[in-house]
Amino acid sequence: MRITASTVSLTVDDVAASHAFFTTHLGYEEVATADGFASLTREGAAVDIVLLRRGIDVLPAEQRDQRVSGLILAFTVTGLADEERRLREQGVDITMPLREEPWGERLFQVTDPNGVVVQFVEWARPA
């Protein structure tokens, strides 16, 4: 098997709100949109994102009413503190402040308007 791309599909109530969040604050670009659907991409190693409106009939019946929950979309970045500052200055609510874990992970989290948790990680040396 040769994997050529990775995509995460997120079922949300308001596709437009998540679309705006990811394109405005996280550098994603629109690939395609339709009623209840948006496909986003970003250069580099970032995962592509598909946003699907909850209840959309393209999903199997048992998945249609589910919404994203319990998922953390994590991005490993460089310049973590600068990114946290940039997002804060843009008015993004930092829902978990910048911190460092004993195993060497530095991280912070934001949450999009549909409750999608986005975590930014930078690895430091463990203490």
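The structure this text deals with has already been given above.
Residues numbered from 1 in each chain as written. Predicted model: local features only at pLDDT ≥ 70, side-chain atom pairs only at ≥ 80, totals over all residues. Heavy atoms only, no water.

Q: For the layout of surface pockets, give the residues involved together with the corresponding values.
A: What the largest pocket holds in volume is close to 280 Å³. When contributions to the lining of the largest pocket are tallied by element, the ones reaching two or more residues are strand S5 (72-76) and helix H2 (80-89). Of the residues in the lining of the largest pocket, the class split is eight nonpolar, four polar and four charged. (1 Å grid on protein atoms, 1.4 Å probe; cavity = no way out; pocket = protein on both sides within 12 Å on 5 of 7 lines; lining within 4 Å. Points joined across faces, edges and corners; volume = space filled by probe spheres on them. Helix = DSSP H or I, 4+ residues; strand = E, 2+ residues; numbered from the N terminus. Nonpolar A, V, L, I, M, F, W, Y, C, P; charged D, E, K, R; others polar.)

Q: Summarise helix H1 (residues 15-25); cite the residues concerned and give the values.
A: Among the residues making up H1, those that are buried are Val15, Ser18, His19, Phe21, Phe22 and His25. The N-cap residue of H1 is aspartate 14: its side-chain oxygen and the backbone nitrogen of alanine 16 are 3.2 Å apart. Looking one or two residues beyond H1, the residue adopting positive phi is glycine 27, at roughly 75°. (Buried < 20%, exposed > 50% of the residue type's maximum accessible area, 1.4 Å probe, protein only. Polar contact = N/O pair within 3.5 Å; in protein donor to acceptor, adjacent residues only side chain to side chain.)

Q: I'd like a description of the pattern of salt bridges, backed by residues and values.
A: Scanning all chains against the criterion turns up nine salt bridges. Of the charged contacts, one joins arginine 53 and aspartate 35 as a salt bridge, the two residues approaching to 3.2 Å between their closest N and O atoms. Placement of the pair is arginine 53 in strand S4 (residues 48-53) and aspartate 35 in the loop between strand S2 (29-34) and strand S3 (37-41), with a sequence separation of 18 residues. Counted as one network, the salt bridges with shared partners bring together Asp13, Arg54 and Asp65. (Salt bridge = Lys/Arg side-chain N within 4 Å of Asp/Glu carboxyl O.)

Q: Lay out the sheet that holds strand S6 (residues 94-100) with the relevant residues and their values.
A: Taken in spatial order, the four strands make up an open sheet running S5-S8-S7-S6, and their pairing is mixed. Pairing within the sheet leaves two strands with one partner each, and these edge strands are S5 and S6. Geometrically, the sheet is characterised by an average inter-axis angle of 15° between neighbouring strands, direction not taken into account. Summarising the sheet, S6 and strand S7 (residues 105-111) pair through four bridges and their orientation is antiparallel. Its bridge partner lying in S7, methionine 96 is registered against glutamine 109. Contacting S6, S7 and strand S8 (117-123), H2 runs over the sheet at an angle of about 15° to S7. (Pairing = 2+ DSSP bridges. Axes fitted to C-alpha atoms, helices over the stretch in contact; angles between N-to-C directions. Contact = heavy atoms within 4.5 Å.)

Q: Quick rundown of the sheet that holds S2? Include the residues and the values.
A: Across the sheet, four strands lie side by side as S1-S4-S3-S2; this open sheet has mixed pairing. Where the open sheet ends on each side, the last strands, each with one partner, are strand S1 (7-12) and S2. Along the sheet, successive strands turn relative to each other by an average axial angle of 15°, direction set aside.

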